[in-house]
Amino acid sequence: MDQLEFRQFNQRQFSNLLKSGDGTMLKALYLRYYKNIEHYVEKNSGSPDDAKDIYQEAFTAVWRNVQLDRFVPNDEGEFAAYLTRVAKNKWIDELRKNKNKHQVSMGGEHELSMVSEMEADQTDAYIDTVKRQYKHLGERCRELLSRFYFHKQSLRKIAAIFDWTEASAKNNKYRCLKQLRELVLKGVNNG
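Residues numbered from 1 in each chain as written. Predicted model: local features only at pLDDT ≥ 70, side-chain atom pairs only at ≥ 80, totals over all residues. Heavy atoms only, no water.

A.B. asks: Before we move on, could you go through the pattern of salt bridges and cite the residues and values that matter?
C.D. replies: Taken as a whole, this structure holds 5 salt bridges when the rule is applied. Residue Arg-147 pairs with Glu-143 through a salt bridge whose shortest N-O separation is 2.9 Å. Residue Arg-147 and its partner Glu-143 are located together in helix α7 (residues 139–150), separated by 4 residues, close to a single helical turn. Between Glu-166 and Arg-156 there is a salt bridge; the shortest N-O distance is 3.4 Å. One end of the pair, Glu-166, is in helix α9 (residues 166–190); the other, Arg-156, is in helix α8 (residues 155–162), with 10 residues separating them in the sequence. For Arg-156, a relative accessible area of 61% gives the class exposed. (Salt bridge = Lys/Arg side-chain N within 4 Å of Asp/Glu carboxyl O. Helix = DSSP H or I, 4+ residues; strand = E, 2+ residues; numbered from the N terminus. Buried < 20%, exposed > 50% of the residue type's maximum accessible area, 1.4 Å probe, protein only.)

As structure tokens, this is what we get:
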């Protein structure tokens, strides 16, 4: 399956196909985003083997979250963004663990592992809050943010779609992000 085929699916079709464990789709997605993560890990003090391990863990975690309905991607772009975030967080956790390894007593490794798990749980909870609060944004804000962050459209293109100037598109994106941040902070404090 190439990228164009993935775009033909609506949200439910994409999620269901991903959830079903379709081998062709999983392999295509796995291979498509591996190089980005490999580059990130190697650029940040890692080896190709580190990249393989981190990517495998991240891909498995994301797929598991899809299976458990903890994450329901709207499209391939949202899947890729989430996979990238999980992989980067896993690599950061690995760097922290290795940095502190020589400073931690024998009993401390378990404690450090528990801290990493708690951080991962907090990240998952934060992502869930963002997804919940995103739904409370106005339709225009959701569309603007989706076009910019998930579909990687330029502000110039977004401005043309909404019949705005590029400066207006930039200001509206800022306002929408600010509104989302406020909703998320409210959700985190209430949750």
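A.B. asks: Can you explain unusual backbone geometry? Please cite residues and give values.
C.D. replies: Most peptide bonds adopt trans geometry, and most residues besides glycine take a negative phi value. Here Asp-69, not a glycine, exhibits a phi torsion of approximately 60°, which is positive. Positionally, Asp-69 belongs in the loop between α4 (48–67) and α5 (76–101). A relative accessible area of 49% places Asp-69 in the partly exposed class. For Lys-152, which is not a glycine, the phi torsion comes out positive at approximately 55°. Tracing the backbone through its elements, the reader meets Lys-152 in the loop between α7 and α8.

A.B. asks: Describe the nonpolar core, and please don't skip the residues or the numbers.
C.D. replies: Counting residues in each nonpolar core, the largest one holds 27 residues, and the members touching the most others are Phe-79 and Leu-83. Among the elements of the structure, α2 (11–19), α3 (23–43), α4 and α5 are those that each provide at least two residues to this core. Residues in contact with Leu-83, not counting those within four places in the same chain, are Tyr-33, Tyr-55, Ala-58, Phe-59 and Val-62. Listed in part, the 12 residues of the second largest apolar core include Tyr-134, Leu-137, Leu-180 and Leu-183. (Core = buried A, V, L, I, M, F, W, Y, C linked by side-chain atoms within 4.5 Å. Contact = heavy atoms within 4.5 Å.)

A.B. asks: Let's hear about the environment of His-39: which residues, and what values?
C.D. replies: Mapping His-39 onto the fold places it in helix α3. Counting along the chain gives 12 residues from His-39 to Ala-51, while the straight-line C-alpha distance between them is 8.1 Å.

A.B. asks: Please give an account of the state of the cysteines that cites residues and values.
C.D. replies: This structure, assessed with the given rule, holds 1 disulfide. In this model Cys-141 forms its disulfide with Cys-176; the gap between the sulfur atoms is 2.1 Å. Judged by the sign of its S-S torsion, about -75°, the bond between Cys-141 and Cys-176 is left-handed. A residue pair is termed long-range when its members are at least 10 positions apart, and Cys-141 in helix α7 and Cys-176 in helix α9 qualify at 35 residues. Cys-176 matches Cys-141 in its accessibility class, with the two residues each being buried. (Disulfide = S-S within 2.5 Å.)

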